[in-house]
Amino acid sequence: MFNIVIFGKPGSGKGTQAVFLKNKYELYHISTGDLFRKNITNETKLGLEAKSYLDKGDLVPDIVTIKMLENEVLSNKDAKGYIFDGFPRTLHQAESLDLFLDTIDLKINATIALEVNEDELISRLLERGKVTNRSDDQDIDKIKNRFNEYNNKTSILINYYKNQSKFFSVDGKGSVDDITSRLFDLVDSLK
Ligand code: AMP
């Protein structure tokens, strides 16, 4: 079993590349952002709880996010491996994920960061906002708030995974195909 965390700032291409990795390595893809958006669309209790945070570009509280993630893993236990996209995003989430995976005899094998500078990310997100109608991609203040959330709460995880010798970084600039090949080369070298 090979379990991957795909890591990076908003707009770095995590979701796009997670799908290629999922298909090639037969992983089950869990995107916490997609799960929240699905719950918001379906107006579930969880969706109502999460909506105000997504609207502002704030992180949803850990207690809500961790429970949702654990339920998603437990509902798909026959997976050959998982790719976690957009989770963990805080130290508490990362520690909880390790503890939780341990209870089902699993572990993270690699955390792979897509590196892209913020100017490029802002233009990618504004472009995506036109296509997807995501309100958090259409407003520069919300985008900047998401970068702040990343810098204040998520970037600390680089050291967390470096200390476990599980952190790998990939250049996230260039064509989608080029980035996919870089990721495949890295994962092949780790498996
Ligand atoms: P994403 O689609 O990954 O860019 O996530 C969109 C939004 O969903 C984020 O700005 C947060 O409001 C929320 N979200 C997604 N994943 C998490 C997480 N692991 N922890 C807290 N909030 C999250």
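Residues numbered from 1 in each chain as written. Predicted model: local features only at pLDDT ≥ 70, side-chain atom pairs only at ≥ 80, totals over all residues. Heavy atoms only, no water.

A. Looking closely at the packing of helix H6 (residues 118-132) against helix H7 (residues 140-154). The geometry of H6 relative to H7 is characterised by a closest axis approach of 11 Å and an angle of 130 degrees between their N-to-C directions. Comparing their axes, H7 and H6 come out oblique. Every pair of crossing elements has a handedness; the one defined by H6 and H7 is right-handed. Each of Glu 118, Leu 121, Ile 122, Leu 125, Leu 126 and Arg 128 in H6 lies in contact with H7, whose residues at this interface are Ile 140, Ile 143, Lys 144, Arg 146, Phe 147 and Asn 151. Residue composition of the contact of H6 with H7, by class: seven nonpolar, one polar and four charged. (Axes fitted to C-alpha atoms, helices over the stretch in contact; angles between N-to-C directions. Helix = DSSP H or I, 4+ residues; strand = E, 2+ residues; numbered from the N terminus. Parallel < 35°, antiparallel > 145°, perpendicular 65-115°, else oblique. Left-handed = near helix turned anticlockwise from the far one by under 90°. Contact = heavy atoms within 4.5 Å. Nonpolar A, V, L, I, M, F, W, Y, C, P; charged D, E, K, R; others polar.)

B. Here's a closer look at the pattern of salt bridges. This structure, assessed with the given rule, holds 14 salt bridges. Two residues, Glu 120 and Arg 124, come together in a salt bridge whose shortest N-O distance is 3.0 Å. Taken together, the residues span about one helical turn, with Glu 120 and Arg 124 both in helix H6 at a distance of four residues. As a salt-bridge pair, Arg 134 and Asp 137 come within 3.7 Å of each other at their nearest N and O atoms. Grouping residues by exposure puts Arg 134 and Asp 137 together as buried. Here the salt bridges do not stand alone but share partners, grouping Arg 128, Arg 134, Asp 136, Asp 137 and Arg 146 into one network. (Salt bridge = Lys/Arg side-chain N within 4 Å of Asp/Glu carboxyl O. Buried < 20%, exposed > 50% of the residue type's maximum accessible area, 1.4 Å probe, protein only.)

C. Seen up close, the pairing of strand S4 (residues 110-115). Of all six residues in S4, five are buried; the element is thus mostly enclosed. In this structure, strand S1 (residues 4-7) lies alongside S4, joined through four bridges in parallel fashion. By the bridge assignment for S4, Ile 4 is matched with Ala 110. In this structure, S4 lies alongside strand S5 (residues 167-171), joined through five bridges in parallel fashion. Pairing of Thr 111 across the sheet is with Phe 167, part of S5. (Pairing = 2+ DSSP bridges.)

D. Broad picture of the packing of aromatic side chains. The tally for this structure, following the rule as stated, stands at six aromatic pairs. Both rings, one in Tyr 25 and one in Phe 184, keep their centres 5.8 Å apart while their planes meet at 90 degrees; by these two values the pair is edge-to-face. Residue Tyr 25 is located in helix H1 (residues 14-25), and its partner Phe 184 is located in helix H9 (residues 176-190); the two are separated by 159 residues in the primary sequence. A single burial state applies to Tyr 25 and to Phe 184, both of which are buried. One aromatic cluster in this structure is built from Phe 7, Tyr 150 and Phe 167. The ring of Phe 184 has Lys 24 lying over it, and the distance from NZ or CZ to the ring centre is 5.0 Å. (Phe/Tyr/Trp six-rings, centres within 6.5 Å; stacked < 30°, edge-to-face > 60°. Lys NZ or Arg CZ within 6 Å of the ring centre and 35° of its normal.)

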